[in-house]
Amino acid sequence: MAPQYAPSLRSRLAPMLLVLQLGFILIYAFYIEIESNVKVYGITFSNLYPEFQDVNVMVILGFGYMCTFLVRYGFSGAGFNLLVAVIATQWAIILNGIENWYYRGKIRIDLKSLVVAEMCAASALISIGVVLGKTNPVHLILIALLEVSGFVLNEWLLQTLLKVPPLNSIMLLHIFAAFFGLMLTRILYRKGSEQPFEKEKVDRKTGLFSILGTLFLCVFWPSFNSVLVDNHTPGRRLGAVLSTYLALAVSAVTAAAVSSLSSPEGKLNPIHLQSCMLAGGVSIGVSMPAVHQPWEAMTIGFTAAVVSTIGFRYLKSHMLLAFKCHDTCAVLSTHGLPGLLGWLAHLLLQIKDCDDHTAAMRFAVFHICSLFITISLSLCMGIITGLLLKWNFWRPPQDKKCFDDQAFWEFPHLAVQK
């Protein structure tokens, strides 16, 4: 018989949060200072702050509401998203400034540093979607710390070894997060998970809140893709905004069409719309440096939606049966496959626009190497994180307590049955 109550996390969660936060405060007190220059990298505060707000809304509200689709896991989906986001952002600021500290003795931060840190935190939030409902908050904090560490290391390797531009390396966050999460859920696989968990259910009310999160992401995704685009070249940032909007619009229409076609009754699946319509934004973000025409962005959005919707319909169950990967939020279909498609589109478009065959071949080799490094490092970090989380010291929830808010939250209005 399963225990009535989930294991208490008082001796695990509170000490971890306090130690982490006090440690961050000490690091920030001795080694971090605010950049005094008003204008950095050609970007002024007034120009960047509105886009920072957009990225912040995506990370806090967009991803938070998207995780509320489970009937009995809405509080945890939104609340743990906020907890992970703020911890991962603070940690990413420190990691991104290590090189600056090494040469100058101080980490100087500005608004751009905060935007980059929140984008690193977004990669952790995407990974957490794979194991949503099957972990406790202690697990999620450890995942965030290790995933962000791996992602920042991946950025450094790409920029140092392959001279990949910072924007290109950061936009690989979708691929890194998806494969990190898949390897993590494979290591944490629970025997008997071939069948759906007892409380892994969706209803109309929670689905509506989740769609609200999708709307937040759709509205602000153009800022997410364009905020780090070089502002010195006229029209580049405008082109990124327009390309992202067109890709999202086309992917929304295409996802609706493919969802209806793949349904035996010809009906629309709301989960397809809320997840697969974002595929265009993912793909265009990865391929954006090579996209110069509206039709290219629209074609990428169309193809991404087709791949994502078909993957969502058929791939999720096959991944569970064949590879024992239980993907709660279908992150592989929403971020992984569209990210790979965007990488391929970047490669093809760059070769098409290159007149020098030697330069084209050189770019192809470096581009393939960047993907190889990203996937390899993400899988390795997923293995390390999964092996760490399998330790019973962290008190994982029992199968009966998965996908249940009452395992972690107080609800005074509910009577306690003994």
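Remember, it's a predicted structure, so these values are computed and weren't measured experimentally.

Procedures and definitions
- Along each chain, numbering runs from 1 in the same order as the chain's sequence is written.
- It should be noted that, the model being predicted, local features are given only for residues of pLDDT at least 70 and side-chain atom pairs only at 80 or more, the latter also being counted only at that level, while totals for whole chains, interfaces and linings use all residues.
- Calculation of side-chain values draws on the structure's entire complement of heavy atoms; hydrogens and water are dropped beforehand.
- Helix numbers and strand numbers start at the N terminus; a helix is a DSSP run of H or I with at least 4 residues, a strand a run of E with at least 2.
- What the globule rule says is 2.2 Å times the number of residues to the power 0.38, and the radius of gyration is computed from C-alpha atoms.
- Pairs of residues are marked as contacts when any of their non-hydrogen atoms sit within 4.5 Å.
- Note on areas: Shrake-Rupley with a 1.4 Å probe; residue coverage comes only from the protein chains shown.
- The buried label goes to any residue with under 20% of its type's maximum accessible area, the exposed label to any with over 50%, and the partly exposed label to all in between, with areas taken from a 1.4 Å probe on protein chains only.
- Within this document, salt bridges are pairs made up of a side-chain nitrogen of Lys or Arg and a carboxyl oxygen of Asp or Glu, the two lying within 4 Å of each other.
- Under the pairing criterion, centres of Phe, Tyr and Trp rings, with the six-membered ring standing for Trp, must be within 6.5 Å; the plane angle then separates stacked pairs below 30 degrees from edge-to-face pairs above 60, leaving the rest tilted.
- What makes a patch is a set of residues exposed beyond 30% relative accessible area and free of salt bridges, joined within 9 Å when like-charged and within 5 Å when nonpolar (Val, Leu, Ile, Met, Phe, Trp, Tyr).
- In this tally Asp and Glu are treated as negative and Lys and Arg as positive; neither His nor the chain ends contributes.
- In protein, a polar contact requires one atom able to donate a hydrogen and another able to accept it; more generally it is a pair of N or O atoms within 3.5 Å, and residues adjacent in sequence count only if both atoms are side-chain atoms.
- To form a nonpolar core, buried Ala, Val, Leu, Ile, Met, Phe, Trp, Tyr and Cys residues must be joined to one another through side-chain atoms within 4.5 Å.
- Criterion for a disulfide: a pair of cysteine sulfur atoms within 2.5 Å.
- Fitted lines through C-alpha atoms give the axes, limited to the stretch in contact for helices. The angle between two N-to-C directions lies from 0 to 180 degrees.
- Left-handed is the label given to a crossing in which the near helix is rotated counterclockwise from the far helix by less than a right angle, and right-handed is the label when the rotation is clockwise.

A. How the structure looks around the overall build of the chain. Per the secondary structure count, the chain includes 15 helices and four strands. For 418 residues, the compact-globule estimate of 2.2 N^0.38 gives 22 Å, and the C-alpha radius of gyration of the chain, at 21 Å, lies within 12% of that figure. Considering only C-alpha atoms, the chain reaches an extent of 75 × 60 × 35 Å along its principal axes. For the chain, restricting intrachain contacts to residue pairs at least 6 apart in sequence, the fraction spanning at least 24 positions comes to 82%. Accessible surface computed for the chain: about 19900 Å², of which carbon and sulfur atoms make up 67%.

B. Examining unusual backbone geometry more closely. A positive phi angle, near 55 degrees, is found at Lys163, a position not held by glycine. The topology assignment puts Lys163 in the loop between α6 (137-161) and α7 (166-170). Judged by relative accessible area, Lys163 falls into the exposed class, the value being 65%. Phi at Arg395 is positive, roughly 55 degrees, even though this residue is not glycine. Within the element layout of this structure, Arg395 appears in the segment after α15 (357-389).

C. View of the pattern of salt bridges. Scanning all chains against the criterion turns up five salt bridges. The residue Arg72 makes a salt bridge to Asp404 at a minimum N-O spacing of 3.5 Å. Of this pair, Arg72 sits in the loop between α2 (45-66) and α3 (74-96) while Asp404 is found in the segment after α15, placing the two residues 332 residues apart along the sequence. Judged by relative accessible area, Arg72 falls into the partly exposed class, the value being 33%.

D. Structural detail: the packing of aromatic side chains. Enumeration over the complete set of coordinates arrives at 16 aromatic pairs. Measuring from centroid to centroid gives 5.8 Å for Trp391 and Trp394, while their planes differ by 85 degrees, and the two rings are edge-to-face. The exposure class assigned to Trp394 is buried, which follows from its relative accessible area of 11%. Three or more aromatic residues link up through ring pairs in this structure, and these residues are Phe75, Phe80, Phe408 and Trp409.

E. How the structure looks around helix α12 (residues 279-287). The element α12 is largely enclosed, with a buried count of nine among its nine residues. Within α12 the residues assigned to the buried category are Ala279, Gly280, Gly281, Val282, Ser283, Ile284, Gly285, Val286 and Ser287. The elements touched by buried residues of α12 are α8 (173-187), α9 (204-226), α10 (236-262), α11 (270-276), α13 (294-323) and α14 (331-352).

F. Highlighting a nonpolar patch on the surface. A contiguous nonpolar patch, built from Leu26, Phe30, Tyr31, Ile98, Trp101, Tyr102 and Tyr103 and spanning about 850 Å² of accessible area, is present on the exposed surface. Those elements that provide at least two residues to the nonpolar patch are α1 (13-31) and α4 (98-104). In terms of residues, the nonpolar patch owes the most to one element, α4, which gives four residues.

G. Seen up close, the side chain of Lys134. Tracing the backbone through its elements, the reader meets Lys134 in the loop between α5 (111-128) and α6. Among buried Asp, Glu, Lys and Arg side chains, Lys134 stands out as unpaired, with Asp327 the closest opposite charge at 6.8 Å. In this structure the side chain of Lys134 is engaged in a polar contact, spanning 3.3 Å, whose partner is the side chain of Thr185. Among the polar contacts made by the side chain of Lys134, one reaches the main-chain carbonyl oxygen of His326 at a distance of 2.6 Å. Look past the residues within four positions of Lys134 in its chain and what remains in contact with it is Thr185, Arg190, Phe197, His326, Thr328, Pro397, Cys402 and Phe403.

H. Structural view of the nonpolar core. Membership of the largest hydrophobic core comes to 86 residues, with the highest contact counts inside it found for Met119, Ile143, Val148, Trp221, Phe224 and Leu228. Among the elements that make up this core, the one with the highest residue count is α5 (12 residues). Residue contacts for Met119: discarding those within four places in its chain leaves Ile170, Met171, Leu173, Phe224, Val227 and Leu228.

I. Region of the structure containing the environment of Pro50. Positionally, Pro50 belongs in helix α2. Sequence spacing of Pro50 and Leu158 is 108 residues, and the spatial spacing of their C-alpha atoms is 29 Å.

J. Seen up close, the state of the cysteines. According to the stated counting rule, one finds zero disulfides in the structure shown. The structure places no disulfide on Cys218, whose sulfur is separated from the nearest cysteine sulfur, that of Cys276, by 12 Å. On the basis of relative accessibility, which here comes to 18%, the residue Cys218 falls in the buried class. Of the cysteine sulfurs around Cys325, a residue in no disulfide, the closest is that of Cys329, at 15 Å. When its relative accessible area of 7% is taken as the criterion, Cys325 is described as buried.

K. Structural context of the environment of Thr334. Counting through the fold element by element, Thr334 comes out in helix α14. Residue Thr334 is classed as buried on the basis of its relative accessible area of 4%. Spatially, the C-alpha atoms of Thr334 and Asn136 are 23 Å apart, while their sequence positions differ by 198 residues. Apart from residues no more than four positions distant in its own chain, Thr334 is found in contact with Ser275, Ala279, Val282, Ser308 and Cys329.

L. Broad picture of the packing of α13 against α14. Relative to each other, α13 and α14 sit at 145 degrees, their axes nearing to 8 Å. Viewed along their axes, α13 and α14 form a crossing whose handedness is right-handed. Residues Glu296, Ile300, Thr303, Ala304, Val307, Ser308, Gly311, Phe312, Leu315 and Met319 of α13 lie in contact with α14, whose contacting residues are Leu332, Ser333, Thr334, Leu337, Pro338, Leu341, Ala345, Leu349 and Lys352.

M. Up close: the environment of Ala330. Within the secondary structure, Ala330 is located in the loop between α13 and α14. Look at Ala330 and you get buried, because its relative accessible area is 2%. When the C-alpha positions of Ala330 and Asp399 are compared, they lie 20 Å apart, and in sequence the two are 69 residues distant. Ignoring anything within four residues of it in the chain, the contact list for Ala330 reads Phe312 and Lys316.

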